[in-house]
Amino acid sequence: MRKGRLIVISGPSGVGKGTVVKGVLARDPKTWLSVSATTRAMRPGETDGVQYRFVSKEQFERMIDEGKFLEHACYVGNYYGSPLEPIEQRLADGFDVLLEIDVQGGLQILERRPDAVSVFIAAPSFEVLAARLRGRGDTAEAAVAGRLEAAKREYRIAPQYRYLIVNDRLEDAVNDVCAILRAEELRTNNQTELLKEANNHALSPDE
Ligand code: 5GP
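## Things to note about the packing of aromatic side chains
Next, step 1: Going through the model one piece at a time under the given rule, you end up with eight aromatic pairs.
Next, step 2: When the ring of Phe60 is compared with that of Tyr79, the centres are 4.7 Å apart and the planes differ by 5°; the resulting orientation is stacked. With Phe60 in helix H2 (residues 57–65) and Tyr79 in strand S6 (residues 78–83), this residue pair connects regions lying 19 residues apart in the sequence.
Next, step 3: Since its relative accessible area comes to 0%, Phe60 is described here as buried.
Next, step 4: When the centroid spacing of 5.7 Å and the interplanar angle of 55° are considered together, the rings of Phe120 and Tyr155 count as tilted. Of this pair, Phe120 sits in strand S8 (residues 117–122) while Tyr155 is found in helix H6 (residues 141–157), placing the two residues 35 residues apart along the sequence.
Next, step 5: Among the aromatic residues, those joined into a ring-pair cluster are Tyr52, Phe54, Tyr75 and Tyr80.
Next, step 6: The lysine or arginine in question, Arg90, covers the ring of Phe95, its NZ or CZ lying 5.4 Å from the ring centre.

Listed below in structure tokens is the structure:
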């Protein structure tokens, strides 16, 4: 059976990664989104176990010690991490697993899983990003400033990602991610079984 691929999606807070990811999940039934654990406070409208698993700092540190994370990072004062076991399970089931994570986590994945597909989502401009963060209304001004500082650091790491998408029109960005997934599927090194079979035929004496 086909084994799934690990897809890292990063980009500054406010760039609309979450909405792009939702669009991809709705379009492609072979994709699954990893639910991260975090120590940050729950925002209005969020539910434990849906957007995140909300845990205490002590619980998170215990999970680090027990090797429960594929990657983890501290982002603007809070821990975030991708739980390893459900990810491995879904990959084995043939799903493409989407990790919507910051660049520190993204770099850990690129090092540990060189086969992972990495996509950086950028805003059309820094001004658009700042306006989107303020307009979201769920993040205090001090936190907005912290996230903009983090965004500058994230853009510096963007060239290490395999793909870059500008999220100007949502529909275009979703199409772009789906196109990347399809192109990755068609890469020859992802179709070794088919090539092996073709080679066997080529070697058989009666053809
Ligand atoms: P937020 O607090 O706005 O939900 O997320 C803040 C940042 O943390 C975003 O850039 C988001 O992609 C990132 N993030 C969410 N989950 C994880 C995770 O499991 N690992 C890492 N490294 N970053 C994460």
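## Observations regarding the nonpolar core
Next, step 1: Grouped together as the largest cluster of nonpolar side chains are 24 residues, with contacts concentrated most on Val20, Val24 and Val177.
Next, step 2: Contributing elements (two or more residues each) for this core: strand S1 (6–10), helix H1 (17–27), S8, helix H5 (126–136), H6 and helix H7 (170–186).
Next, step 3: With six residues, the top contributor of residues to this core is H7.
Next, step 4: Every residue in contact with Val177, bar those within four places of it in the chain, is listed here: Ile9, Val20, Val24 and Ile165.

Cut-offs applied
Residues numbered from 1 in each chain as written. Predicted model: local features only at pLDDT ≥ 70, side-chain atom pairs only at ≥ 80, totals over all residues. Heavy atoms only, no water. Phe/Tyr/Trp six-rings, centres within 6.5 Å; stacked < 30°, edge-to-face > 60°. Helix = DSSP H or I, 4+ residues; strand = E, 2+ residues; numbered from the N terminus. Buried < 20%, exposed > 50% of the residue type's maximum accessible area, 1.4 Å probe, protein only. Lys NZ or Arg CZ within 6 Å of the ring centre and 35° of its normal. Core = buried A, V, L, I, M, F, W, Y, C linked by side-chain atoms within 4.5 Å. Contact = heavy atoms within 4.5 Å.

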